[in-house]
Each structure stands twice: as structure tokens, then as C-alpha cells.
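One letter stands for each residue in the lines below.
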Amino acid sequence: MDVPNGNIVRCENNPKVGGYFIFVDRREGDDIEHIGQYLELDKPNLIKFTWATVDDLPDIDMVTVEIQPSKNGAIATLTHEIDPNWAQYIPQTENAWNEMLKAMEEVLN
């Protein structure tokens, strides 16, 4: 799977409350391992999970995706609470989520 500035080279997913995900993003020869744990899953309305890169532990972020029906499908609201130590990465993080949501929209339409 291609991602901006990298490729996903490994992915594990156990999508249940208490389950986890791991994916490794290879960027310019470096592997960045992203991890998280599912905290809440309320299909089809809510997904809440932790988010971190292994290199940055113990700092972890919280991500919440709320999905509301609309007359043309659904509206997703994504909130990413960034650890204050990584506040300088807010613009890149926002851009990355926007790109991922656009890609999902293209697949679903």
C-alpha cells in the first residue's frame, strides 16, 4: 500500500475492544512502526483508539472517529489528541489524516 512519502510493509489488526493494530511504514529506507489499542467500538457510530510510534513511547495519542448518518451517506468527524511533546507535528498529522480520509472517500464512492 502506498502512502505519502512511504509504503506500508507490514500490518496486523485485531479490531475488538482491547485489541490492537500495528503497521510499519517504510519512508526513505527507515521503518516506522505505528501501534495502537482499540478502546471503544460502537458500530457504525464510533471508533476510539490509542496511537503511537514505537520510537516515541511512552507518549501516546488518542484518536476518536465519530460517524453520523447523512442524507448522502455519512459524515466522519476525526479528533486526534496529540501528546503535547509532539505539538509541532500537528500540521503534518492533520494533513496525513485528511489524505487518508480522502482516499477512503474515493474507495467508498
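Attention in this report is confined to the structure presented alongside it. (Residues numbered from 1 in each chain as written. Predicted model: local features only at pLDDT ≥ 70, side-chain atom pairs only at ≥ 80, totals over all residues. Heavy atoms only, no water.)

1. Thoughts on the overall build of the protein
Then step 1. Per the secondary structure count, the protein includes 1 helix and 7 strands.
Then step 2. Listing the helices and strands of the protein from first to last along the sequence gives β-β-β-β-β-β-β-α.
Then step 3. Taken over C-alpha atoms, the radius of gyration comes to 14 Å for the protein, in line with the 13 Å a tight globule of 109 residues would show.
Then step 4. Counted over contacts in the protein with a minimum sequence separation of 6, partners at least 24 positions apart contribute 11%.
Then step 5. As displayed, the protein offers around 7,800 Å² of accessible surface, 53% of which is attributable to carbon and sulfur atoms.
Then step 6. Distance between charge centres in the protein, computed from 8 positive and 20 negative side chains, equals 8 Å. (Helix = DSSP H or I, 4+ residues; strand = E, 2+ residues; numbered from the N terminus. Rg over C-alpha atoms; globule rule 2.2 N^0.38 Å. Contact = heavy atoms within 4.5 Å. Areas by Shrake-Rupley, 256 points an atom, 1.4 Å probe, with all protein chains shown as cover. Lys, Arg positive; Asp, Glu negative; His and termini not counted. Charge placed at Lys NZ, Arg CZ, Asp CG, Glu CD.)

2. Observations regarding the pairing of strand β6 (residues 61-70)
Then step 1. Note that strand β5 (residues 46-53) and β6 share 6 bridges and pair antiparallel. Bridge pairing in β6 links Lys 48 to Thr 64.
Then step 2. Linking β6 to strand β7 (residues 73-81), which pair antiparallel, is a turn of 2 residues. (Pairing = 2+ DSSP bridges.)

3. Some remarks on the side chain of Thr 53
Then step 1. Mapped onto the elements, Thr 53 comes out in strand β5.
Then step 2. The class of Thr 53 is buried, set by a relative accessible area of 14%.
Then step 3. Polar side-chain contacts of Thr 53 include one of 2.5 Å to the side chain of Asp 56.
Then step 4. Those residues in contact with Thr 53 that lie beyond four places of it in its chain are Ile 32, Glu 33 and His 34. (Buried < 20%, exposed > 50% of the residue type's maximum accessible area, 1.4 Å probe, protein only. Polar contact = N/O pair within 3.5 Å; in protein donor to acceptor, adjacent residues only side chain to side chain.)

4. Overview of the environment of Thr 50
Then step 1. Relative to the helices and strands, Thr 50 resides in strand β5.
Then step 2. We classify Thr 50 as buried; its relative accessible area is 13%.
Then step 3. Along the sequence, Thr 50 and Asp 61 sit 11 residues apart, while their C-alpha atoms lie 5.6 Å from each other.
Then step 4. Excluding residues that lie within four positions of it along the chain, Thr 50 makes contacts with Phe 21, Ile 35, Gly 36, Gln 37, Leu 39, Ile 60, Asp 61 and Met 62.

5. What about the pattern of salt bridges?
Then step 1. What the rule picks out here adds up to 5 salt bridges.
Then step 2. Lys 102 is paired through a salt bridge with Glu 99; the nearest N and O atoms lie 3.4 Å apart. Remark: Glu 99 and Lys 102 occur in helix α1 (residues 90-108); sequence separation between them is 3 residues, near one turn of the helix.
Then step 3. For Lys 102, a relative accessible area of 43% translates into the label partly exposed. (Salt bridge = Lys/Arg side-chain N within 4 Å of Asp/Glu carboxyl O.)

6. Overview of a nonpolar patch on the surface
Then step 1. Taken together, the side chains of Val 54, Leu 57 and Ile 60 define a hydrophobic patch exposed on the protein surface, amounting to about 230 Å² of accessible area.
Then step 2. Note that Val 54 resides in the loop between β5 and β6. (Patch = residues over 30% accessible without salt bridge, like charges linked within 9 Å, V, L, I, M, F, W, Y side chains within 5 Å.)

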